[in-house]
Amino acid sequence: MRRSDLFTELVALGAGIAGTLTTTEQASRVFSAVSTAVAGTHTAFNEKFLVDQTVQALTSTMRANRDTTKEQIFRKLNKSIADYPLVAALSDLELYRQAGNLPGAMLGISQTANAATTDAKAKANAAEREFNVLRTVETGQVALNLTKRLDDIKAIVREPANLPDARALALANRPPAINAEFSARLAIARGSDATFTNQLKARIALDRAIDALRSEDEVKAWEAAVRQ
Amino acid sequence: MDMHVTETRLPDGASDADIQARIDSVMSGYALACIVETRGDGSKWLVRVDADSEMIDAAIADGKTPREKFGAQAQQVLASRNS
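Residues numbered from 1 in each chain as written. Chains lettered and ligands numbered in written order. Predicted model: local features only at pLDDT ≥ 70, side-chain atom pairs only at ≥ 80, totals over all residues.

Participant: It is not clear to me how the overall build of chain A should be interpreted in this structure. Could you clarify?
Facilitator: Counting secondary structure elements, chain A contains eight helices and zero strands. Its helices and strands in sequence order give chain A the pattern α-α-α-α-α-α-α-α, from N to C terminus. Counting only residues that meet the buried cut, chain A has 16% of its 228 residues in that class. Across chain A, every contact between residues at least 6 apart in sequence was considered, and the portion connecting residues at least 24 apart equals 73%. (Helix = DSSP H or I, 4+ residues; strand = E, 2+ residues; numbered from the N terminus. Buried ≥ 20, exposed ≤ 12 C-beta atoms within 10 Å, placed from the backbone. Contact = placed C-beta atoms within 7 Å.)

Participant: Would you mind going over the overall build of chain B with me for this structure?
Facilitator: Broken down by element type, chain B carries three helices and three strands. In chain B, the succession of α and β elements from N to C terminus is β-α-β-β-α-α. For chain B, the residues scored as buried account for 29% of the 83 residues in total. Pairs at least 24 apart in sequence give 54% of the contacts found in chain B among residues at least 6 apart.

Participant: So what exactly am I meant to see when it comes to the packing of helix 5 (residues 165-173) of chain A against helix 7 (residues 199-209) of chain A here?
Facilitator: Between two packed helices, what matters for the description is the angle formed by their axes and the separation of those axes. Residues and elements named next belong to chain A. The N-to-C vectors of helix 5 and helix 7 enclose an angle of 50°; their axes lie 9 Å apart at closest approach. Taken together, the axes of helix 5 and helix 7 are oblique relative to one another. Remark: the crossing between helix 5 and helix 7 carries left-handed chirality. Contact with helix 5, carried on its side by D165, A168, L169, L171 and A172, involves Q199, A202, R203, A205 and L206 of helix 7 and no other residues of that element. (Axes fitted to C-alpha atoms, helices over the stretch in contact; angles between N-to-C directions. Parallel < 35°, antiparallel > 145°, perpendicular 65-115°, else oblique. Left-handed = near helix turned anticlockwise from the far one by under 90°.)

Participant: Got a minute to help me understand the packing of helix 4 (residues 102-158) of chain A against helix 8 (residues 216-226) of chain A in this structure?
Facilitator: Residue and element names in this part refer to chain A. Packing of helix 4 against helix 8 brings their axes to within 10 Å, and their N-to-C directions diverge by 30°. In terms of axis orientation, helix 4 runs roughly parallel to helix 8. Here helix 4 and helix 8 pass one another in a crossing that is left-handed. Contacts between helix 4 and helix 8 pair L146, R149, L150, I153, I156 and V157 from the former with V219, W222, E223 and V226 from the latter. Classifying every residue of the contact of helix 4 with helix 8 gives eight nonpolar, no polar and two charged. (Nonpolar A, V, L, I, M, F, W, Y, C, P; charged D, E, K, R; others polar.)

Participant: Teacher, can you tell me more about the interface of chain A and chain B here?
Facilitator: Of the residues lining the interface, 20 residues belong to chain A; the matching set on chain B comes to 17 residues. Elements that contribute at least two residues to the side of chain A that touches chain B include exactly helix 4, helix 6 (180-190) and helix 7 of chain A. For the side of chain A that touches chain B, the element with the highest residue contribution is helix 4 of chain A, accounting for ten residues. Here the side of chain A that touches chain B is composed, by residue class, of seven nonpolar, six polar and seven charged.

Participant: How should the sheet that holds strand 2 (residues 33-38) of chain B be read in this particular structure?
Facilitator: Within a sheet, adjacent strands bond to each other through the backbone by hydrogen bonds, running parallel or antiparallel. All names here are of chain B. The three strands are arranged 1-3-2 in an open sheet whose pairing can be described as antiparallel. The open sheet has two edge strands, strand 1 (4-9) and strand 2, and neither has a second partner. Strand-to-strand twist across the sheet, computed as the mean angle between neighbouring axes with direction ignored, equals 20°. Two elements, strand 2 and strand 3 (residues 44-50), share six bridges in a ladder whose sense is antiparallel. Residue E37 lies in a different strand from strand 3, and its bridge partner there is W45. Sheet contacts for helix 1 (residues 16-27): strand 2 and strand 3; angle to strand 2, the most-contacted strand, approximately 155°. (Pairing = 2+ DSSP bridges.)

Participant: Explain the nonpolar core here, please?
Facilitator: The biggest cluster of nonpolar side chains holds 36 residues, and the ones touching the most others in it are V157, A172, A205, L206 and I210 of chain A together with A31 and L32 of chain B. Here this core gets five residues from one element, more than from any other, and that element is helix 7 of chain A. When near neighbours in sequence (up to four residues on either side) are disregarded, A31 of chain B contacts V26, R48, V49 and D50 of chain B. (Core = buried A, V, L, I, M, F, W, Y, C linked by C-beta atoms within 7 Å.)

Participant: I tried to follow the environment of D217 of chain A on my own but got confused; where do I start?
Facilitator: Structurally, D217 of chain A is set in helix 8. With 10 C-beta atoms counted inside 10 Å, the residue D217 of chain A sits in the exposed group.

Set out below in structure tokens:
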């Protein structure tokens, strides 16, 4: 940004504020005046900064475009007249002229932005694909870990040496944690009976129902119950 | 008496060893039979057949496990799904 312009604007703002504060009775207006000064300075700075940055970007693009065209021209100058005739040379000169004007600079910025957009989009898509693959693997691993824990619970439930008959019946009749699917599976095995009275039937029912456990709380409750 | 079929989707990315471990686990329990099916979208499902209350009672009355008594019938149920 050109500092002289900003300085001029700040002086103008300062003069306006000084005029506002000519008497002590107007002290109550100091705060609002200072706020005006800060806000005004901010706006002035932003506008001039953006204009300067835009001009600088256009100028840089013009120079870059001309240098690119210049490079292409010099590379062709080594060619024979047949390969690089006068008409082609004049055409390149016209391109060189256009590269240095405002429309050419704006076109250059647009092309650069488009290329950057395409590149950014490709990178974003690649990152998204990578994330999805990792998430799928992670989700699958969580499911496999849950299944392994349920298998461990069922292995204990099936084996009388690990879970006495009375305990198996108690767990089937008063499960430490249930969900709708668990209850439905248990009910199929229980049939019309009010409670489980046969330990083998209770173990068979639990063997299938435990597969229906899903939440961490449910699994933890069962892990604790079968290991008591 | 009624056999009950339960389908459970296996995790995406589960290896052959993971799937075999699931089958072994189910068959070491009281399921009558089980099979792994691959659907059109590539997903894999564990399908198990279980006995209902009457079948369990009948097996226990005979001094057998439900699979010993009804395993062959359960295999036919699974086979009919793929035919």
